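Summary of the model geometry
So the chains spell out like this:
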Amino acid sequence: METWANSGLGRDLHLDLTASGGGRAPGVRANLVSALRESIRSGRLVAGTTLPPSRTLALDLGLARNTVAEAYAELVAEGWLTARQGSGTRVADRAGEPARRPHTRSAAAPRPALSLMPGSPDVGEFPRAAWMASARRVLTAAPNDAFGPGDPRGRPELRHALAEYLSRARGVRTDPDHIVVSASSGHGLWLLARAAKGPIAVEGYGLHLHRELLGDAGVSTIPLQLDDRGAQPPDTTGRQLSAALLTPAHQFPTGGPLHPGRRTAFVEWARATGAIVIEDDYDGEFRYDRQPVGALQGLAPDEVAYLGTVSKTLSPAIRVGWMVLPERLIDRVLAVKGGYERWVSATDQLTLADFIERGAFDRHVRRMRTLYRRRRDTLVETLAARAPHVHVTGIAAGLHAVLELPDGTEAATVDRAASLGLAVEGLRTFRHPDGPADRSDGLVVGYSTPSSARFSATLDALCRALPTP
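As the structure is a prediction and not an experimental result, all values here were calculated from the model.

**A few points about the environment of L36**
Looking at where L36 falls in the secondary structure, it is placed in helix α1 (residues 28–41). Its relative accessible area of 1% is what places L36 among the buried residues. Sequence spacing of L36 and A465 is 429 residues, and the spatial spacing of their C-alpha atoms is 56 Å. Once residues lying within four places of it in the same chain are set aside, the contact partners of L36 are L13, L15, L51, Y72 and L75.

**Considerations on helix α7 (residues 208–216)**
An α-helical segment advances 3.6 residues per turn. Residues three or four places apart therefore align on the same side. Those residues of α7 not exposed but buried are H208, H210, R211, L213 and L214. The elements touched by buried residues of α7 are α6 (185–196), β7 (200–203), β8 (221–224), β11 (243–246), β12 (276–280) and β18 (425–426). Remark: G218 follows α7 within two positions and exhibits a positive phi of approximately 80 degrees.

**Notes on the confidence of the model for the protein chain**
Any region with low pLDDT has predicted coordinates that should not be read closely. Averaged over every residue, the pLDDT of the protein chain is 87; the share at 70 or more is 91%. Confidence over residues 4–8 falls short of pLDDT 50; this stretch has 14 contacts with residues more than four positions distant or in other chains. This model gives residues 98–104 a pLDDT under 50, and the stretch forms nine contacts once residues within four places in sequence are excluded.

**Some points on the pairing of strand β14 (residues 321–324)**
Here β14 shows a buried face lined by G321 and M323 and a second buried face lined by W322 and V324. Relative to β14, strand β6 (residues 179–182) runs antiparallel, the two sharing four bridges. If you follow I179 over to β14, its bridge partner there is V324. In the sheet, strand β13 (residues 304–309) pairs with β14 via four bridges, with the strands oriented antiparallel. Note that in β14 the partner of T309 across the bridge is G321.

**A short note on the packing of α6 against α7**
Relative orientation of the contacting elements α6 and α7 amounts to 35 degrees, with a least axis distance of 9 Å. In the crossing of α6 with α7, the sense of the turn from one axis to the other is right-handed. In contact with G186, L189, W190 and A193 of α6, α7 contributes H210, L213 and L214. Of the residues assigned to the contact of α6 with α7, the class counts are five nonpolar, two polar and no charged.

**With respect to unusual backbone geometry**
In this chain, F252 is followed by P253 through a cis amide linkage whose omega measures 10 degrees. Tracing the sequence through the fold places P253 in the loop between β11 and α8 (260–273). One non-glycine residue, K197, lies in positive phi territory at about 60 degrees. Mapping K197 onto the fold places it in the loop between α6 and β7.

**Some remarks on the sheet that holds β8**
With respect to topology, seven strands assemble into an open sheet ordered β6-β14-β13-β12-β11-β7-β8, the strand pairing being mixed. The open sheet has two edge strands, β6 and β8, and neither has a second partner. When strand polarity is set aside, the average angle formed by the axes of neighbouring strands in this sheet is 25 degrees. Helix α5 (residues 156–170) rests against β6, β13 and β14 of the sheet, and its axis sits at about 105 degrees to β6. Along the sheet, helix α9 (residues 327–337) makes contact with β6, β12, β13 and β14, crossing β6 at roughly 25 degrees.

**Here's the deal with the packing of α1 against helix α3 (residues 65–78)**
At a minimum axis distance of 9 Å, the contact between α1 and α3 shows a crossing angle of 50 degrees. One way to sum up the angle between α1 and α3 is to call them oblique. Handedness of the α1/α3 crossing: right-handed. Contacts from V28, R29, L32, V33, L36 and R37 of α1 reach α3 at T67, V68, E70, A71, Y72, E74, L75 and E78. For the contact of α1 with α3, the residue count by class is eight nonpolar, one polar and five charged.

**Structural notes on the environment of P469**
Note that P469 resides in the segment after α13 (455–465). Taking C-alpha positions, P469 is 48 Å from I356, a pair spaced 113 residues apart along the chain.

**Description of a negative patch on the surface**
A cluster of acidic residues, D175, D177, D302, E327 and D331, forms a negative patch at the surface. Within the secondary structure, D331 sits in helix α9. The exposure class assigned to D331 is exposed, which follows from its relative accessible area of 62%.

**A few points about the layout of surface pockets**
The calculated volume of the largest pocket comes to roughly 930 Å³. For the lining of the largest pocket, the elements supplying multiple residues, two or more each, are α6, β7 and α7. Counting residues per element, the lining of the largest pocket draws most heavily on α7, at six residues. Looking at side-chain class alone, the lining of the largest pocket contains 15 nonpolar, 14 polar and seven charged residues.

Calculation notes
- Positions within a chain are numbered from 1, following the residues in the order the chain's sequence is written.
- Since the coordinates come from a predicted model, pLDDT governs what is reported: local features require at least 70, and pairs of side-chain atoms require 80 or more to be given and counted, while whole-chain, interface and lining totals use all residues.
- To obtain the side-chain values, all non-hydrogen atoms of the structure were included, while hydrogens and water were left out.
- Numbering of helices and strands runs from the N terminus; a helix is a DSSP stretch of H or I covering at least four residues, while a strand is a stretch of E covering at least two.
- Exposure categories follow from relative accessible area, calculated using a 1.4 Å probe and restricted to protein chains: below 20% of the type maximum is buried, above 50% is exposed, and the middle band is partly exposed.
- Two residues form a contact once any of their heavy atoms are found within 4.5 Å.
- pLDDT measures how confident the predictor is about each residue, on a scale from 0 to 100.
- Here a strand pair is declared whenever DSSP counts at least two bridges between the two strands.
- Angular values range over 0 to 180 degrees, each being the angle between N-to-C directions of two axes fitted as lines to C-alpha atoms, with helices fitted over their stretch in contact.
- Definitions for this section: a left-handed crossing has its near helix turned counterclockwise from the far helix by less than a right angle. A right-handed crossing has that turn clockwise.
- Gly is placed with the polar residues, together with every amino acid not listed as nonpolar (Ala, Val, Leu, Ile, Met, Phe, Trp, Tyr, Cys and Pro) or charged (Asp, Glu, Lys and Arg).
- What sets the label is the angle itself: under 35 degrees gives roughly parallel, over 145 gives roughly antiparallel, 65 to 115 gives roughly perpendicular, and the rest give oblique.
- What goes into a patch is any residue over 30% in relative accessible area without a salt bridge, connected to like charges within 9 Å or, for nonpolar side chains (Val, Leu, Ile, Met, Phe, Trp, Tyr), within 5 Å.
- The Shrake-Rupley method, run with a 1.4 Å probe, gives the accessible areas here. Residue values count only the displayed protein chains as cover.
- Whenever a carboxyl oxygen of Asp or Glu lies within 4 Å of a side-chain nitrogen of Lys or Arg, that contact is scored as a salt bridge.
- His is not counted, nor are the chain ends; Lys and Arg add positive charge and Asp and Glu add negative charge.
- Here the site of a charge means atom NZ of a Lys, CZ of an Arg, CG of an Asp or CD of a Glu.
- A 1.4 Å probe that fits into a set of points on a 1 Å grid over the protein atoms alone but cannot get out defines a cavity; an open set with protein on both sides within 12 Å along at least five of seven lines defines a pocket, and lining residues are those with an atom within 4 Å of a point.
- Grid points are joined across faces, edges and corners, and a volume is the space filled by probe spheres set on the points.

Here it is, written out as structure tokens:
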């Protein structure tokens, strides 16, 4: 008989009581002793594990309490268990006897000690106290329906908070009814791709993970040419496209904003072809040297689907993103997402809503903007002093910079950095496979990634990895 010990008075405990008792006359107590002994020997019950009280285990297994108490006493006498008044019965630490543990996969290769990989904030700066305060408030006051099957559009509290914030901070023109919550901007892109059902134009240099995600959604991608004004709109006489994916506030990875004329041209292209523009506003809050560049969506809400997330502002561990959608896309996206919320925690949504409404989000973004600007300045000053032959671009905004390298040195530089314990990404990683290799070698340096304590050591490793003049 296999059964679960399951009671409000103790822990769950899965036991197989079909054993014969290890050579003794078959009996209930012998089977229980054998099952407990084997669970300890195999490593399923590790040293220090507290077992259910004898009364609880007896109730759960349908046995007499004395049977369980006697089995415990026998295993204590044998040294498998320990029993102490007030501490309960625990699995003993059998020193010198290696426990057989279930098979586990071999450990992954260790991560480099230092990292300038793009795409991550300094996770050590996560506002724990403020986030915890918001979480405590919303868990205390959350309506009962927050703990049931959720609306696939997302919690209304979060959609209202986002509508106000995006309008105020990013120039987005929307209301709560046009916002759909997603697990991330990548998840939102996947939903849009499935809803759009057709080839999507992407920037010739862009996030390779997005191209892979679109491929997983069954959507092919067509590269757009990039120049000093940003992406060039597709030819309206060419292949029919369902959408164009852009990073207009701060092109990833090259770093410049989309020129105003190009913004207008993309909107006109979308109107002429019936396609949509997908705007990934991945780090739009972080601009340092001039006035912020507002969202392209504010120019044409009916032609632009806007994607946002907290993965760059707060943490990639908070799996909350959002889409601001044209009316014609809402039902199609919801049909792909499903009839209830399967992706995003309702409590995280409520916590973020409170975090935004109380001003904690704005305060955190302002603090991080100051921190990242100082880091950017330190990066530029350090390179000017130690590697003046390396040109730095794309630094007016965002969380990364591009370091231009001599032709033919990118791969060797990445390898040399790895040998120094530094993870860094080459520019060619982000080139579309079908796009022209029209840019020199380079590194995409995420200066937001290291902790403040390791930033100096990280820059030192970077300078030692760079090619000499």
